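Notes for the structure review
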Amino acid sequence: MKVQEEIDPRGALDEIERVRANVRRSSRWAGRLLLVMGVGSIAYWAAMLLGPGAVQTVAGWGWGLFVVSAIIFAFRQGVYDPVTHRLQWPVTGLYALTTIGAVLFGLYVLPEDDRGPGWVAAAVAVSVIAGLPLIIGGWRVLHLTSDRHDGREVDGRR
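Let us look at the structure shown here. (Residues numbered from 1 in each chain as written. Predicted model: local features only at pLDDT ≥ 70, side-chain atom pairs only at ≥ 80, totals over all residues. Heavy atoms only, no water.)

We now examine the packing of helix H2 (residues 28-50) against helix H5 (residues 117-144). Taken N-terminus to C-terminus, the directions of H2 and H5 make an angle of 175°; their axes are 7 Å apart at the nearest point. Taken together, the axes of H2 and H5 lie roughly antiparallel to each other. Of the residues in the contact of H2 with H5, the class split is 21 nonpolar, seven polar and two charged. (Axes fitted to C-alpha atoms, helices over the stretch in contact; angles between N-to-C directions. Helix = DSSP H or I, 4+ residues; strand = E, 2+ residues; numbered from the N terminus. Parallel < 35°, antiparallel > 145°, perpendicular 65-115°, else oblique. Nonpolar A, V, L, I, M, F, W, Y, C, P; charged D, E, K, R; others polar.)

This part covers helix H1 (residues 9-26). Structurally, the α-helix is built with 3.6 residues per turn, so residues lying three or four positions apart point the same way. Taking 1.5 Å of rise per residue, 18 residues should cover 26 Å, and H1 covers 26 Å from first to last C-alpha, within 8% of that figure. Taken together, the buried positions of H1 are occupied by Gly 11, Ala 21 and Arg 24. Buried residues of H1 fall within an arc of 145° about the axis and therefore sit on the same side. For H1, the elements touching its buried residues are H2 and H5. You can read the cap of H1 off the contacts: a side-chain oxygen lies 3.1 Å from the backbone nitrogen of Arg 10, and it is on Asp 8. (Expected span 1.5 Å × (residues − 1). Buried < 20%, exposed > 50% of the residue type's maximum accessible area, 1.4 Å probe, protein only. Arc of directions from axis to C-beta. Contact = heavy atoms within 4.5 Å. Polar contact = N/O pair within 3.5 Å; in protein donor to acceptor, adjacent residues only side chain to side chain.)

Next up on the list: the layout of surface pockets. Here the largest pocket is characterised by a volume of approximately 640 Å³. Lining the largest pocket are 19 residues, with Leu 33, Leu 34, Ala 74, Gln 88 and Thr 92 sitting closest to its centre. Listing elements by their share of the lining of the largest pocket, those giving two or more residues are H2, helix H3 (53-77), helix H4 (82-109) and H5. The biggest single contributor to the lining of the largest pocket is H4, with six residues. Split by residue class, the lining of the largest pocket holds 16 nonpolar, three polar and no charged. Here the second largest pocket defines a volume of roughly 190 Å³. Broken down by element, the lining of the second largest pocket gets its largest block of residues, four residues, from H4. Classifying every residue of the lining of the second largest pocket gives seven nonpolar, two polar and two charged. (1 Å grid on protein atoms, 1.4 Å probe; cavity = no way out; pocket = protein on both sides within 12 Å on 5 of 7 lines; lining within 4 Å. Points joined across faces, edges and corners; volume = space filled by probe spheres on them.)

Everything listed here is a matter of geometry and, on its own, says nothing about what the molecule does.
Right, dumping it as structure tokens:
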């Protein structure tokens, strides 16, 4: 049986901070994944709203495979910090709303033909808005899990 060393309070606090820093560092994958998904979402929606049928088919399959791969990757990571856990639901909810908006725009607002520059600009704007929650969420996770940040503050709360 191994005898444990006595640890002083300062040493205990240092060890707790070291573990917190390791958890924050290991959580950065979530921020990077959100950024990649945000940019991918913009490309996906631009292809779906503006591309011909073949481009839409490729975009649909590609996005579907990417999302399934991202979900598998996320589940395999296992550990992430409370900041990521707290941000994942608001980001997911906002992304769901912007995605529903993009779907409704594509189905009911965007004309099938006769798409002039104004409609193209509107479709690009909808595409960017659809991916924005993921990009902002990814940036926020990366900021809050950086080594310069203690990781306990989310939206001004400690």
